[in-house]
Amino acid sequence: MVSDSGGGIGDGRRGAAKTRKRIVIAGGGFAGVECARQLESKLGDDPDIDLVMINEDNFLLFTPMLPQVVSGMIETRHIVTPIRTICKRTRFFEGKVRGIDPYAKTITVWGGGGAGRLTIHYDFAVVALGSEANFFGMPDVERNAFTMKTLNDAAELRNRVIDMLERAENEADPALRMRLLNFVVVGAGFAGIETAGELMDLLHDARKHYRSVGKDDVRVVILEALQEILPGFNKDLAAFAKRRMEERGIEFRLQSAVRAFDGEEITVRRLAGDGNGGGRGRGPGGEDGNGGGDDDDEVIMSKTLIWTAGVTPVDMIKRAMLKTQKGKVIVDDYLEVPGFPGVFAVGDCALFVDPNTGRPVPPTAQLAEAQGKTAAKNLVALIRNHEKERFEFRSRGQMAVIGKRSAIASVFGMNMSGFWAWLIWRSVYLSKISSGEKKIRVLLDWVIDLFFSRDISRLKLARRDAEKDYRVLDEVDDMW
Ligand SMILES: Cc1cc2nc3c(=O)[nH]c(=O)nc-3n(C[C@H](O)[C@H](O)[C@H](O)COP(=O)(O)OP(=O)(O)OC[C@H]3O[C@@H](n4cnc5c(N)ncnc54)[C@H](O)[C@@H]3O)c2cc1C
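Within every chain, residues take consecutive numbers counted from 1 along the sequence as written. Local features in a predicted model are, by the rule used here, given only for residues with pLDDT of at least 70; side-chain atom pairs are given and counted only at 80 or more, and totals for whole chains, interfaces and linings are based on all residues.

**Looking at the sheet that holds strand β2 (residues 49–55)**
Move 1: The strand order β7-β6-β5-β2-β1-β8-β21 describes an open sheet built from 7 strands, whose pairing is mixed. Each having just a single partner strand, β7 (116–121) and β21 (343–345) make up the two edges of the open sheet. On average, each strand axis in the sheet is tilted by 35 degrees relative to the strand beside it, whichever way the strands run.
Move 2: At least two DSSP bridges between two strands are required for those strands to pair. Put simply, DSSP H or I for four residues or longer makes a helix, DSSP E for two residues or longer makes a strand, and each gets a number counted from the N terminus. As judged from the 3 bridges shared by strand β8 (residues 124–127) and β21, these two strands associate in the parallel manner. When the sheet's bridge partners are listed, Val127 is paired in β21 with Ala345.
Move 3: Two residues qualify as a contact pair if the distance between their C-beta atoms, derived from the backbone, is within 7 Å. Axis definition: a line fitted to C-alpha atoms, limited for helices to the stretch in contact. Angles are taken between N-to-C directions and run from 0 to 180 degrees. Set on the sheet, helix α1 (residues 30–43) makes contact with β1 (21–26), β2 and β8; between it and β2 the angle comes to about 165 degrees.

Pasting the structure below:
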């Protein structure tokens, strides 16, 4: 039992003056942190405002550099910044949001490290809980695939790749060896393309330490259900990315949807047309296709499938009493949740329909930050009885790294590809890291990478098992 000593954030308004308003931000990603930052700067040290943030991890993860953690180019902790160091006037609570009750104006949280349950009252709330991998109802894929969403995911994937090389080095059975050295990335969006590019870099660099693993033994295959890669990107740039990646040995299978994965074999359904140019019915290791039993199914032998094929808002949103569509919280032009004044939803978990196109805006870090900013402005407007501002989004451009010092970029109407685009990617994203110290660390990592080959130490990490924790904690009803 942890007590709430006056200034505590535990249940209700105990210890809080009646005039004091509490703003609770649920989620400390791009949207949540930007919102807190803006609120801190706009509300200053206003004693009547109590600003609280709840996040599962105590850091902000810079996702665009996650694939570079997989390849070992950047050290794991260099792409995260502790939220306490960014939002110094916000009270931070490390814990998992388990429920949002907009009628009672409360948020239920499970504290990390066995802290137990906590109910936090709010006057205003910002829901910024982001998204998680969407497996489209395929439990076997969910069980066996690797994902690319968290720092843990990146560390696990890196270990997996090194593990596969270690095992393949001493494996005499050619079929098993092939399975170990085939890596399949599902999804040719941002995350998939960047992960595949970095994965190939890691494999080519690391395999030099494995005498029996030749250049042609390692394979990276990208599976994509659509006919194109990087949807939404300039078509010429996307074509450049595909060409350049193919030259480096990455295989593309377009119009190919995963149907099953048991940890050894991936069953892939070829959709209409033949958009990939690859041999129909042959796996990446030359194995016999059509092993799945269905004429349109192909089997790819691989022990490692990396799932980046889609995201869905975190499961918790479905349990919150907020109106959703396809799992996302519906918001109005001001990013406020209809029916619940003072409750905002921003970032990947919010469904904002662009009034210009009539379509939902694609989820990106850029959008999340812009929404966090507008939500902060509108919260201040509500508190000070000012007019709220409509959310308008103008994309500043798009960029993706495709591996080996090459990228594609579409900024301020200019399209670039190759080395210069890669340099621009680096400068832009380096400038976006929240902390000066982390900027220097990442820069040093990049410089070091120019002179030394990748580290192939495989760290032993325990897999996080959150559900088990909760089952034990469910019995507890402590108040923080
Ligand atoms: C590998 C990868 C590469 C990407 N590259 C780019 C890129 O180059 N450019 C770009 O614009 N976008 C990129 N994105 C997309 C971008 O990361 C997201 O659109 C962005 O992070 C969304 O911000 P958000 O604040 O809505 O969610 P998030 O950043 O995901 O933040 C949500 C936060 O909520 C926390 N959370 C979730 N559930 C709970 C809970 N129940 N309780 C407590 N806390 C919880 C999470 O831990 C997280 O900290 C990339 C994404 C990935 C995965």
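**Regarding the site of the ligand**
Move 1: Any residue qualifies as near a molecule or strand once its backbone-derived C-beta atom lies within 6 Å of it. Lining the immediate environment of the ligand, one finds 33 residues, of which Gly27, Gly29, Gly130, Gly347 and Thr364 sit closest.
Move 2: Mapped onto the shell around the ligand, the elements with two or more residues apiece are α1, β2, α2 (66–70), β5 (91–101), α7 (190–206) and α10 (365–383).
Move 3: Under the scheme applied here, ten amino acids are nonpolar (Ala, Val, Leu, Ile, Met, Phe, Trp, Tyr, Cys and Pro), four are charged (Asp, Glu, Lys and Arg), and all others, including Gly, are polar. Residues belonging to the shell around the ligand are distributed by class as follows: 17 nonpolar, 10 polar and 6 charged.

**Brief notes about the confidence of the model for the chain**
One rule of thumb: low pLDDT means the predicted coordinates there are not for detailed reading.
Move 1: Each residue carries a pLDDT score, the predictor's confidence in it, ranging from 0 to 100. Scored by pLDDT, the chain comes out at a mean of 87, with 86% of its residues at no less than 70.
Move 2: Residue range residues 274–293 is modelled with pLDDT below 50. Its contacts to residues more than four positions away, or to other chains, number 41 contacts.
Move 3: Below a pLDDT of 50 lies the segment residues 467–480, which in the model reaches 23 contacts outside its immediate sequence neighbourhood of four places, other chains included.

**Section: the environment of Leu39**
Move 1: Its location among the elements puts Leu39 in helix α1.
Move 2: Residue classification places Leu39 among the buried residues on the basis of 28 C-beta atoms within 10 Å.
Move 3: For the pair Leu39 and Thr90, spaced 51 residues apart in sequence, the C-alpha separation works out to 9.2 Å.
Move 4: Apart from the residues lying within four places of it in its own chain, the contact partners of Leu39 are Ile23, Leu51, Ala376 and Leu379. Between the buried cut of 20 or more and the exposed cut of 12 or fewer other C-beta atoms within 10 Å of a residue's own C-beta lies the partly exposed class, and all C-beta atoms are placed from the backbone.

**Notes on the packing of helix α5 (residues 151–169) against helix α6 (residues 174–181)**
Move 1: Running from amino to carboxyl end, α5 crosses α6 at an angle of 160 degrees, the nearest separation of the two axes being 9 Å. When the interaxial angle is binned, α5 and α6 end up roughly antiparallel. As α5 runs across α6, the sense of the crossing is left-handed. Of α6, the residues touching α5 (which contributes Met164, Arg167 and Ala168) are Arg177, Leu180 and Leu181. Any angle that falls under 35 degrees is termed roughly parallel, while one over 145 is termed roughly antiparallel, one within 65 to 115 roughly perpendicular, and all others oblique. Crossing handedness follows the turn of the near helix against the far one: under a right angle anticlockwise gives a left-handed crossing, and clockwise gives a right-handed one.

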